[in-house]
Amino acid sequence: MRRTATLLAGLALAAAALTACSSDPVAPAADDAGTQQITHAMGTSTVPLHPKKVVVLDTDKIDTAISLGITPIGATQLPEYDKPPAYLGDLSAMKDVGEISEPDLEAIAALQPDLILGSKFRQEKFYDELSAIAPTVFTDRVGITWKDNFLLDGKALGQEQKAKDLLAGYEKRAKELGAKIPDAASLKVSVVRFMPAEIRVYGPDGFSGIVLGDVGLGRPERQLLKDKDDKRFDKISPERIADLDGDVMFVTAQGPTAQAQQKKVTDGRLWKDLGAVKAGKAWDVDPETWMTGIGVTAADKILDDLESHLAG
């Protein structure tokens, strides 16, 4: 990614023209110019009440925008992926603006957005440059705070009430689904993710783990991560495949390298000896919804899978 002196000068001028970020904590919630003040992980930004040209820098922001009826004009992509999430429909008009950890500032500036949504966890070092392009709002962490992130991004998009309604609808559906699953709290549900260089089990504070908790499902003791400060996920070595087991298993692998890792493991004896595998209760599910969607629409897709496999 090129960052020429000309670009940086232009970004600085854009920052002055757009008044992208305000440090005034007592600014009014909205003003006559059709803007509002959004307090977020990096400060307080002045954003349009109803932004029309939105660039998003993380997968949860794509889900949020589409869930709220807004198609971003640009979005970053995951490594090894050059297409937007398929579960959200046709997003071919959305421009590629670099990888999730390395957004392309020139490509973003060329789109002339009126709002940029990103994540401190992912893109903190780019915040000043992004703010010079357009008003920029960053959520803090990912996964564990996905509901708070959804509501904050919804407010920034001018869709605060709709975001609240969608989240409430999801939570109601999750609770109702839990009542349909026999002995939901006693069922040990394992969530496994194959990565290019590691295997992960997902705990109660990861996105999919939170969805399982909202349904009221039980988890294998190993996946409660009681001895860990970070309860989103833990790594499992190929020699500890038994730690992946549960009454049922939901398995994901995103990208060709991870899929090759999955095949290597699942062709082995240790995998085939797992109780859930022997019982025919180890199911492959969409990594875009279970792992990287991290929004209301993805959460509803997880509920679809749980209902299909567990509530029948």
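So, here is what we can say about the structure in this document.

Cut-off values and rules
- Residues numbered from 1 in each chain as written.
- Predicted model: local features only at pLDDT ≥ 70, side-chain atom pairs only at ≥ 80, totals over all residues.
- Heavy atoms only, no water.
- Helix = DSSP H or I, 4+ residues; strand = E, 2+ residues; numbered from the N terminus.
- Contact = heavy atoms within 4.5 Å.
- Phe/Tyr/Trp six-rings, centres within 6.5 Å; stacked < 30°, edge-to-face > 60°.
- Buried < 20%, exposed > 50% of the residue type's maximum accessible area, 1.4 Å probe, protein only.
- Core = buried A, V, L, I, M, F, W, Y, C linked by side-chain atoms within 4.5 Å.
- Patch = residues over 30% accessible without salt bridge, like charges linked within 9 Å, V, L, I, M, F, W, Y side chains within 5 Å.
- Areas by Shrake-Rupley, 256 points an atom, 1.4 Å probe, with all protein chains shown as cover.
- Salt bridge = Lys/Arg side-chain N within 4 Å of Asp/Glu carboxyl O.
- Lys, Arg positive; Asp, Glu negative; His and termini not counted.
- Charge placed at Lys NZ, Arg CZ, Asp CG, Glu CD.
- Pairing = 2+ DSSP bridges.
- Axes fitted to C-alpha atoms, helices over the stretch in contact; angles between N-to-C directions.

Moving on, we come to the environment of L270. Residue placement: L270 occurs in helix α10 (residues 269–272). Leaving out residues up to four positions away in the same chain, L270 has contacts with P238, E239 and I241.

Turning our eyes to something else, we now look at the packing of aromatic side chains. Counting across every chain of the model gives 7 aromatic pairs. Plain terms: the ring middles of W146 and Y170 are 5.6 Å apart, the flat faces sit at 65° to each other, and that makes the pair edge-to-face. Of the two residues, W146 is situated in helix α6 (residues 146–156) and Y170 in helix α7 (residues 160–180); the sequence distance between them amounts to 24 residues. Relative accessible area serves as the criterion here: at 1%, W146 is assigned to the buried category. Here Y170 falls in the buried class, since its relative accessible area comes to 1%.

Now for the nonpolar core. Formed by 52 residues in total, the largest nonpolar core has its most connected members in W146, Y170, L217, F250, W290, L306 and L310. Here this core takes 7 residues from helix α13 (residues 296–310), the largest share from any one element. The contacts of L217, once residues within four sequence positions are left out, are I181, A184, A185, L187, V189, L212, L306 and L310. Within the second largest apolar cluster, 15 residues are counted, among which are V192, I236, M249 and W271.

Before going further, it helps to examine a negative patch on the surface. Where like charges cluster on the molecular surface, the negative patch consists of D82, D96, E99 and E102. Within the element layout of this structure, D82 appears in the loop between β5 (74–77) and β6 (95–99).

Right, let's get into the sheet that holds strand β9 (residues 136–139). Across the sheet, 6 strands lie side by side as β7-β6-β5-β4-β8-β9; this open sheet has mixed pairing. A strand with exactly one partner marks an edge of an open sheet, and here the two such strands are β7 (102–103) and β9. Relative to β6, β5 is paired through 3 bridges, and the arrangement is parallel. The residue of β6 that forms the bridge with Q77 is E99. The strands touched by α6 within the sheet are β8 (115–119) and β9, with β9 carrying the most contacts at an inclination of about 170°.

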